[in-house]
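Observations on the model geometry
Residue strings, one per chain:
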Amino acid sequence: MLIQVEDLVHTYAPGTPLAHTALREVSVEIGAGERVGILGPTGSGKSTLVQHLAGLLTPTAGRVLLDGVAAHARTAESRAQRLRIGLAFQYPEAQIFEQTVSREVAFGPRNLGLAAAEVAARTRWALEMVGLDVERMGKRVPFTLSGGEMRRVALASILSMRPEVLILDEPTAGLDPQGRRDLLNRVQKWQASPEQSRGEKTAMTLIMVSHNLDDLARVVDRVVILRAGEVVADGPAGQVLSDGDLLRGAGMDMPPAAALLHRLRDAGWAVRTDRLLPEEAAVEIVQAQKYH
């Protein structure tokens, strides 16, 4: 799916004393199979933007096109396009309502009118994708699970709809480091797997909103930075997330590994500063030690 955002403006409560413009002529294009991070300080418009990508909001001006179809239009064609997108809000477990894990994950496919066998297959597949065993967990009451397990169930309920585009809004918020790593690993596994049910060989599209630069560095290839509702940067993750001046101007810091490499370079070390992950920085430092 090709997502095109063209001169998008969104104003909340227009014409009232509470009017607030969250997005100001934002233009972004996201192609099939991309892994894109959306970054910015609180209030920069990140959540408003991804809700537009999923067709949940109507633009004040501009438009969002999903394979050429207006995302917000109330037509059968637009609805079909929106069904190709899965959006997980921050703390998606708050939306869980079914009595068992299996029923929760099966809710979406069942409401599509799919055959029982297909619903069961999708439920099993989605739970396996997030690391949960249907025999062991399927009959559990979701509210008896740990926070991390509930997060996985919520993600599985979205994956069971077989989206071509997965949008995650702060997916690791509230998780411990191990839970964060495991969830991100599973998201990467999903993103890299072709959509067999449609016969497509391209990877799925992943769009991730996060305040955690380490998470973004580990998962995405491209980063879009918003500030005060405007796009201030859009480029390769290594380039954007290692640009200290750019990040500080947007009210953020570099990932710790990149910040360390910058300090070493300033001290005279011959290191690359676009290495974002701790393990990448370690390799760079070991190589530089040979010549320092």
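Residues numbered from 1 in each chain as written. Predicted model: local features only at pLDDT ≥ 70, side-chain atom pairs only at ≥ 80, totals over all residues. Heavy atoms only, no water.

Overall, the predicted model of the protein chain reaches an average pLDDT of 90, with 97% of residues at or above 70. The least confident element of the protein chain is helix α7 (residues 177–192), whose mean pLDDT is 84; the most confident is strand β1 (residues 3–12), at 98. Below a pLDDT of 50 lies the segment residues 196–200, which in the model reaches six contacts outside its immediate sequence neighbourhood of four places, other chains included. (pLDDT = per-residue confidence, 0-100. Helix = DSSP H or I, 4+ residues; strand = E, 2+ residues; numbered from the N terminus. Contact = heavy atoms within 4.5 Å.)

If you walk through the whole model with that rule in mind, you get one aromatic pair. The interplanar angle of 85° and the centroid separation of 4.9 Å between the aromatic rings of F97 and F107 together place this pair among those described as edge-to-face. Note that F97 is positioned in the loop between β6 (85–88) and α3 (101–111) and F107 in helix α3, a separation of ten residues in sequence. In this structure F107 comes out as partly exposed when scored by relative accessible area, which is 32%. Its end group placed over the ring of W125, R162 keeps NZ or CZ at 4.0 Å from the ring centre. (Phe/Tyr/Trp six-rings, centres within 6.5 Å; stacked < 30°, edge-to-face > 60°. Buried < 20%, exposed > 50% of the residue type's maximum accessible area, 1.4 Å probe, protein only. Lys NZ or Arg CZ within 6 Å of the ring centre and 35° of its normal.)

Next up on the list: the pairing of β6. A two-sided burial pattern is seen for β6, the buried positions comprising I85 and L87 on one face and G86 and A88 on the other. Sheet analysis places β6 next to strand β7 (residues 165–169), joined by four bridges and oriented parallel. Bridging from a neighbouring strand, I85 pairs with V165 of β7. (Pairing = 2+ DSSP bridges.)

What follows covers the sheet that holds β6. Pairing between sheet strands relies on hydrogen bonds along the backbone, with the strands arranged either parallel or antiparallel. Taken in spatial order, the six strands line up as β6-β7-β8-β3-β9-β10 in an open sheet, and their pairing is mixed. Looking along the sheet, the strands with just one partner apiece sit at the ends: β6 and β10 (230–236). On average, adjacent strands in this sheet sit at an angle of 15° to one another, irrespective of strand direction. Running over the sheet, α7 touches β3 (35–39), β7 and β8 (205–209) and is turned about 150° from β8. (Axes fitted to C-alpha atoms, helices over the stretch in contact; angles between N-to-C directions.)

Further remarks concern helix α1 (residues 46–53). For α1, the tally of buried residues reaches six of eight residues, placing the bulk of the element in the interior. Buried residues of α1: K46, T48, L49, V50, H52 and L53, and no others.

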